[in-house]
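Geometric and topological summary
Single-letter residue listing:
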Amino acid sequence: MELFQHTISQRVVLSGEGVVSGEEIRVELCPAPPNHGLLFERADLDPPVSILLSPKTVAATEGTSFVHKDGQRILFVEHLLAALNGLAIDNLVIRVHGPEIPLFDGSAKVFVEALLSAGRRPQWSLRRYLRLHEEIAVSDGVGRVVLRPSTELKISCTIEFPHPAIGRQTISLSVCQEKFLSELSFARTFGFLDQILAKRRSGEFRGGSLENAIILDHEKVLNPDGLRSPDEFVRHKALDLLGDLYLLGFPILAEVEAVRSSHKLHVQALQTLFTREFAWAWYPSPGRLPIRQVWAPSFAA
Ligand SMILES: [Zn+2]
């Protein structure tokens, strides 16, 4: 477990098609100083709009998690955040030249490669871990998310789709960098052809193709190369959960159980957590006493 904060050694620039806008969107990942946190910026606007992660600036739809401020949004932040959570990167400025982050191949692979090519750089400030003192549970009638006190991050995800290629799948793991890279980072998002065509017809999606996701018809996977693992679907759900947990802007240590969950439910769990003042505290690392006075950028916004 990382004791110290990390940023990246140099700026790295990515570019890809936005699935909603259908336009080419540039994303710059820039190093930031210790205790800075993760700052998103809508760099295409004049003046640019900066969005620091906080319970007030994060939200979700059925299909994506997003950050927002002053009526401006950046959609599809979850796979980049999963890469940042998985690689334990704390401080970064994320300049996005458009209203969404490109999906690339639908997994965290492109973000992981970019971050590793830029190089992780340790910073001599302690990380702050959020630890729970009591259980938090939310449900929407279909799915549920339960966060339980723990000294490490363990996630367990279950999905259930009445589809011959998916069905019921479960994955449980203790999250560390190695496991994130080998078990989750490659898993692509997935969608159903009829729903995607409907979104194309209504104008909700102007981009998107078999290059950005696993696409299924009523019976099978349509991508010519098939799946990257037989249970790629639930691995992607775990990747989404890991990304959504980093909407906190800080690492959380908890046992997280997500059953038939959604981005909306993940965000609801985090926002519920923040309404319970005595349910959690900041810790420098497991086994140490909680931090009483801490400069927490998440609460400054
Ligand atoms: Zn996803």
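Here, every reference points to the structure presented above.
A short tour of the structure in this document, coming up. Position labels on residues start from 1 in each chain and follow its written sequence. Whole-chain, interface and lining totals are the exception, using all residues; otherwise, since this is a predicted model, local features are given only for residues with pLDDT of at least 70 and side-chain atom pairs are given and counted only at 80 or more. No hydrogens and no water enter the side-chain calculation; it runs on all heavy atoms of the structure.

1. Observations concerning the coordination of the zinc ion
For the record, the criterion: Coordinating N, O and S atoms are those within 2.8 Å of the metal (3.2 Å for Na, K and Ca), and as water is not part of the atoms, a site may appear to have fewer donors than expected. Between 85 and 135 degrees for all angles marks four donors as tetrahedral; over 155 degrees for opposite donors together with 65 to 115 for all other angles marks four donors as square planar and six as octahedral; every other arrangement is irregular. To qualify as a helix, a DSSP run of H or I must reach at least 4 residues; to qualify as a strand, a run of E must reach at least 2; elements of each kind are numbered from the N terminus.
The protein atoms that coordinate the zinc ion are His79 (NE2), His236 (NE2), Asp240 (OD) and Asp240 (OD), at distances spanning 2.0 to 2.7 Å. One can describe the donor arrangement at the zinc ion as irregular, given that its 4 donor atoms subtend angles of 52 to 149° at the metal. Every donor residue of the zinc ion comes from the same chain, spaced as H-x156-H-x3-D. Residue His236 and its partner Asp240 are both found in helix α5 (residues 232–245); the two are separated by 4 residues, about one turn of the helix.

2. Points about the packing of helix α1 (residues 78–86) against helix α2 (residues 109–118)
The following threshold applies: Lines fitted to C-alpha atoms define the axes, with helix axes restricted to the stretch in contact, and inter-axis angles between N-to-C directions lie between 0 and 180 degrees. When an angle is under 35 degrees it counts as roughly parallel; over 145 it counts as roughly antiparallel; between 65 and 115 it counts as roughly perpendicular; any other value is oblique. By definition, any crossing whose near helix is turned counterclockwise from its far helix by less than a right angle is left-handed, and any crossing with a clockwise turn is right-handed. Contacts: residue pairs with any heavy atoms within 4.5 Å of one another. Residues are grouped as follows: nonpolar covers Ala, Val, Leu, Ile, Met, Phe, Trp, Tyr, Cys and Pro; charged covers Asp, Glu, Lys and Arg; every other residue, Gly included, is treated as polar.
Contact geometry for α1 and α2: axes closest at 8 Å, N-to-C directions at 45°. Taken together, the axes of α1 and α2 are oblique relative to one another. The two elements α1 and α2 cross, and the hand of that crossing is right-handed. Contacts between α1 and α2 involve His79, Leu80, Ala83 and Leu84 on the former and, on the latter, Phe111, Val112 and Leu115. For the contact of α1 with α2, the class distribution of residues is 6 nonpolar, 1 polar and no charged.

3. A few points about unusual backbone geometry
Cis geometry is found at the peptide bond from Asp46 to Pro47, where omega equals 0°. Along the chain, the position of Pro47 falls in the loop between β4 (38–42) and β5 (49–52). Its identity as a non-glycine residue notwithstanding, Phe76 has a phi of 55°, on the positive side. By the element assignment, Phe76 lies in the loop between β8 (72–75) and α1. The backbone phi angle of Arg260 is positive, close to 45°, even though this residue is not glycine.

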